[in-house]
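Descriptive structure summary
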Amino acid sequence: AQSVTQPDIHITVSEGASLELRCNYSYGATPYLFWYVQSPGQGLQLLLKYFSGDTLVQGIKGFEAEFKRSQSSFNLRKPSVHWSDAAEYFCAGGDSSYKLIFGSGTRLLVRP
Amino acid sequence: SQTIHQWPATLVQPVGSPLSLECTVEGTSNPNLYWYRQAAGRGLQLLFYSVGIGQISSEVPQNLSASRPQDRQFILSSKKLLLSDSGFYLCAWSARDGGIAFFGQGTRLTVV
């Protein structure tokens, strides 16, 4: 069955430190892959997407993600975290059926 | 530009009462429409999706139903709410070619 897994429930980093949030997927074929961010009590905002082509994708707010087929991963990275990045991050996968399947989310805490 | 409206933002309802949450999309035609539920500490669960007027696919058996009376209107309903229906409900849309989903701001439903 199709699935998206985010193994880290919480991650805490210091402001200015680098960040990597993990995402693994299980699909029969290469899915569309997305990262969303959710601030408390708000909807989800799309950070970046991967459909095909270049495996390193750039997104908004300085985020990037790399698609690695061999590892079935699509990890989100940011070289220097800002306090305003504290939020919950969701990885999602989709296919031609247009249904997005979400991971359970990773809550990012930023230490001053 | 496209926008998605979801209301109400918060709702407190007694057990056994009916429910109607509405979502409308502007600035696009023939969108795919989705209802997701986000329970505390959990990821997003796809409840329903629709690829056209009157076409509803249900992902999980539950106490809820969905309808799409117009192209850009998606309604989530229940005849009798259960305590377990509490959660954060998110409406989303994607273009006909699928992939990226844009989310509304969500409805916080508390069943008491």
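To start, this report covers the structure provided alongside it.

Rules used throughout
- Residues numbered from 1 in each chain as written.
- Chains lettered and ligands numbered in written order.
- Predicted model: local features only at pLDDT ≥ 70, side-chain atom pairs only at ≥ 80, totals over all residues.
- Heavy atoms only, no water.
- Helix = DSSP H or I, 4+ residues; strand = E, 2+ residues; numbered from the N terminus.
- Buried < 20%, exposed > 50% of the residue type's maximum accessible area, 1.4 Å probe, protein only.
- Contact = heavy atoms within 4.5 Å.
- Areas by Shrake-Rupley, 256 points an atom, 1.4 Å probe, with all protein chains shown as cover.
- Buried area = accessible area lost by both parts, 1.4 Å probe.
- Salt bridge = Lys/Arg side-chain N within 4 Å of Asp/Glu carboxyl O.
- Polar contact = N/O pair within 3.5 Å; in protein donor to acceptor, adjacent residues only side chain to side chain.
- Nonpolar A, V, L, I, M, F, W, Y, C, P; charged D, E, K, R; others polar.
- Pairing = 2+ DSSP bridges.
- Axes fitted to C-alpha atoms, helices over the stretch in contact; angles between N-to-C directions.

1. A word on the overall build of chain A
Within chain A, the secondary structure is distributed over 0 helices and 12 strands. The order of α-helices and β-strands along chain A, N terminus first, is β-β-β-β-β-β-β-β-β-β-β-β. Dimensions of chain A, computed from the C-alpha atoms along their principal axes, are close to 40 × 30 × 20 Å. Sorting the 112 residues of chain A into buried and exposed places 46% on the buried side. Intrachain contacts of chain A at a sequence separation of at least 6 include 53% that bridge at least 24 residues. Summed over its atoms, the accessible surface of chain A is roughly 5,300 Å², and 49% of this surface lies on carbon and sulfur atoms.

2. A look at the interface of chain B and chain A
Every contact between the two is made by 21 residues of chain B and, on the other side, 19 residues of chain A. Each partner contributes to the roughly 1,600 Å² buried at the junction of chain B and chain A, and carbon and sulfur atoms together form 59% of this total. Across the contact surface, chain B and chain A share 0 salt bridges. On inspection of chain B and its partner chain A, the count reaches 3 residue pairs in polar contact (both at pLDDT 80 or more). Among the secondary structure elements, those contributing two or more residues to the side of chain B that touches chain A are strand E4 (32-38), strand E5 (44-52), strand E9 (87-94) and strand E10 (101-103) of chain B. Among the elements that take part in the side of chain B that touches chain A, E4(B) stands out by supplying 4 residues, more than any other. Its residues placed into classes, the side of chain B that touches chain A shows 10 nonpolar, 7 polar and 4 charged.

3. Things to note about the sheet that holds strand E1 (residues 3-7) of chain B
Residue and element names in this part refer to chain B. Sheet architecture is open: 4 strands sit in the order E1-E3-E8-E7, paired in antiparallel fashion. Across the chains shown, the open sheet's two edge strands, defined by having one partner strand only, are E1 and strand E7 (65-70). Across the sheet, the mean angle separating the axes of adjacent strands is 20° when strand polarity is ignored. Across 4 bridges, E7 lies against strand E8 (residues 73-78) in antiparallel orientation. Residue Gln70 lies in a different strand from E8, and its bridge partner there is Gln73.

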